[in-house]
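If you want the building blocks of each chain, they are given just below.
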2 protein chains.
Amino acid sequence: VTIGLPNAGEIEAARKRVYEHLRPTPLLHYPGIDALVGTTTWIKHENHHGVGAFKVRGGVNLAASLTDPEARAGLFTASTGNHGLSISFAGKIRGAPVTVGVPEGANPSKVAAMEGLGAGVVTAGKDFDEAREWAMAEAERHGGRFVGPTEPELIAGVASYAAEILDELPDVDVIVVPVGSGSGATAVCLTVRTRKPEVEVTGVQAEAAPAAHLTWKRRTPTEAAMETDAEGLATRVPFPNTQSVLQDPEIGLTDFRLVSEESMRDAVRLLLEHTHNLAELAGAAPLAAALGMRDHLAGKRVVLVLSGGNLALPKLRKILAD
Amino acid sequence: VTIGLPNAGEIEAARKRVYEHLRPTPLLHYPGIDALVGTTTWIKHENHHGVGAFKVRGGVNLAASLTDPEARAGLFTASTGNHGLSISFAGKIRGAPVTVGVPEGANPSKVAAMEGLGAGVVTAGKDFDEAREWAMAEAERHGGRFVGPTEPELIAGVASYAAEILDELPDVDVIVVPVGSGSGATAVCLTVRTRKPEVEVTGVQAEAAPAAHLTWKRRTPTEAAMETDAEGLATRVPFPNTQSVLQDPEIGLTDFRLVSEESMRDAVRLLLEHTHNLAELAGAAPLAAALGMRDHLAGKRVVLVLSGGNLALPKLRKILAD
């Protein structure tokens, strides 16, 4: 279990490393989204990365922090998609072999992209937790490093997008961010609270996979059923290190909302219509949440984190046919 | 009829102006696209602009070059979509009123976006040419400026994307660019020929709207039927100033390909699957062309210009249902 968190110096150092391989993503404003949300709203386009999701920022920072023996021994991870893509990208730029265990039925477009980056992808188990056990055992067997989704180096790299939001929109009032493992939301909290503590940070999770939300609400680790179609939000067991931040009364989440599967599918359609960007369900969750809190958001300057765009084509086809 | 072209100094000056409002777009590499095209291939993401298409670069430059009286008198244009969006954006950042004449059946998502930027949009005629006549008459009546799609200021601004390609990928061998009015292809030719003249520039047009292609091939102005669904390629009458560049044996297009409607729809699907980006039909045309010239492209470093992403939702739904 990862319990570490990056400190301010590590977050600052990570930002420089991130820009050696990635560029800042756009923060864009669409009249159609403004009208829907009922207030001035920006989309943070983490879907514009080549691998299609914010997590790659963490992978780049991890790659830079590996020792040569660590790189040679290889990286092992388990993922439903974007975390695995991030580590695959890290391995490619660092020259480290990467093995990713994925659960049965993993998003085929994400699997193909990991393989395209040179990773070995193995279907290992019925769900994320079985795949993780397999990957941890493989790492042990080969003397490589197992990389969970909330390692401090990953959170430090991911924090660069939060810094970009504050640089570009210093008078932001609310940031709405999806919560899966919580690395993105934690990175936003750590960044915002040191630079502009009064910004509201609202987490979003799927009603059909509320483990992180229940844990946050009850202030005690809580497992929950995991039945969402949004693999980016599909957490069955909460992560202690990110929860320690999200729950913190000083630096944690201001609010934590749940959204329905249908509202995420609607949000995918609305983002396609009004921004012409493809969002995966997790990436559309902030818009789904914002549409449910219009009264609260009225008059505020709102940023929705479009965390990733890796929606598989059959799922998109189904969403549009509904 | 516009006959002017920007000179090298105007292109250089435009680039600085463009970055006051827009940022460089990513040039990204996707393993899945490499495999399809059969060689190392990059996508130039002009769909990542807030208004979703490359033409906005020209609008920003035009806005900066307006005198105060010109701005007050307002801008008038006719457009099937992206050019009108570009001029609407220009008006917004310059504080100039904008009137856009669109033909019946214009892409509703583009019309909504123009209105969202504050432009007045008027359905004026059965096709682009009728809308253009209306807009020219309105400009005359109100003492404002009519802005055609190939004004020198627009080409100069658009050239910034070609410069970004050469900066980021100096050893590019082939650039494939869609041709509607020809402003994008002209901007690429003008830029490439001064910096790395041996780069192949391949234009792409729809078989179902081949006026620019026939004009280029025959070296004489040729009108043609205009039946494509790709409004970004829907030219019935060729534009003399861009044709003067595209036909030039020294600086013009190396090759000019036609693609079928079906191949563009396939390319939209393939881009969604492998890059998770939404392309409009014109924006997908370079991939469609590249898939038809794999033998020629083998071993070369290829850039496909994804010129815009403003595909209307009903059209996407239909493409995915096919």
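About the criteria used
- Residues numbered from 1 in each chain as written.
- Chains lettered and ligands numbered in written order.
- Predicted model: local features only at pLDDT ≥ 70, side-chain atom pairs only at ≥ 80, totals over all residues.
- Heavy atoms only, no water.
- Least-squares fit on C-alpha atoms with pLDDT ≥ 70 in both.
- Contact = heavy atoms within 4.5 Å.
- Salt bridge = Lys/Arg side-chain N within 4 Å of Asp/Glu carboxyl O.
- Helix = DSSP H or I, 4+ residues; strand = E, 2+ residues; numbered from the N terminus.
- Buried < 20%, exposed > 50% of the residue type's maximum accessible area, 1.4 Å probe, protein only.
- Buried area = accessible area lost by both parts, 1.4 Å probe.
- Polar contact = N/O pair within 3.5 Å; in protein donor to acceptor, adjacent residues only side chain to side chain.
- Nonpolar A, V, L, I, M, F, W, Y, C, P; charged D, E, K, R; others polar.

(A) Up close: the relation of the copies chain B and chain A. Overlay of chain B on chain A (RMSD 0.0 Å): rotation 180 degrees, translation along the axis 0.0 Å. Put plainly, the chains are arranged around a two-fold axis. Residue by residue, 100% of the interface of chain B is reproduced at the interface of chain A, so both copies engage with the same surface.

(B) Examining the pattern of salt bridges more closely. Residue and element names in this part refer to chain A. Under the counting rule described, the total for this entry stands at 46 salt bridges over all chains. In this structure, Glu-231 and Lys-110 form a salt bridge, with 2.6 Å as the shortest nitrogen-oxygen distance. Remark: Lys-110 occurs in helix α6 (residues 108–116) and Glu-231 occurs in the loop between α10 (211–218) and α11 (240–246); sequence separation between them is 121 residues. For the pair Glu-231 and Lys-110, one class covers both residues: buried. Residue Arg-301 is joined to Asp-171 by a salt bridge in which the shortest nitrogen-to-oxygen separation is 3.1 Å. With a gap of 130 residues between them, Arg-301 in the loop between α14 (294–297) and β10 (302–306) and Asp-171 in the loop between α8 (152–168) and β7 (174–178) connect regions that are remote in the sequence. Owing to a relative accessible area of 27%, Arg-301 belongs among the partly exposed residues under this scheme. Overlapping salt bridges, with partners in common, bring together Lys-110, Asp-229, Glu-231, Glu-280 and Lys-315 in one network.

(C) Inspection of the interface of chain B and chain A at higher detail. With 27 residues of chain B at the interface, the matching set in chain A holds 27 residues. Of the roughly 2,400 Å² buried at the junction of chain B and chain A (both faces included), carbon and sulfur atoms supply 62%. Three residues stand out in chain B for area buried against chain A, namely Arg23(B), His276(B) and Leu320(B), and they jointly supply 29% of the buried area on that side. Connecting chain B to chain A are 2 salt bridges. Residue Arg23(A) is joined to Glu168(B) by a salt bridge in which the shortest nitrogen-to-oxygen separation is 2.8 Å. Linking chain B with chain A are 9 residue pairs in polar contact (both at pLDDT 80 or more), by the criterion used here. If you list the elements that add at least two residues to the side of chain B that touches chain A, you get β1 (27–29), α6 (108–116), α12 (261–275) and α15 (313–321) of chain B. Of all the elements, α15(B) adds the most residues to the side of chain B that touches chain A, at 4 residues. A per-class count over the side of chain B that touches chain A returns 13 nonpolar, 9 polar and 5 charged.

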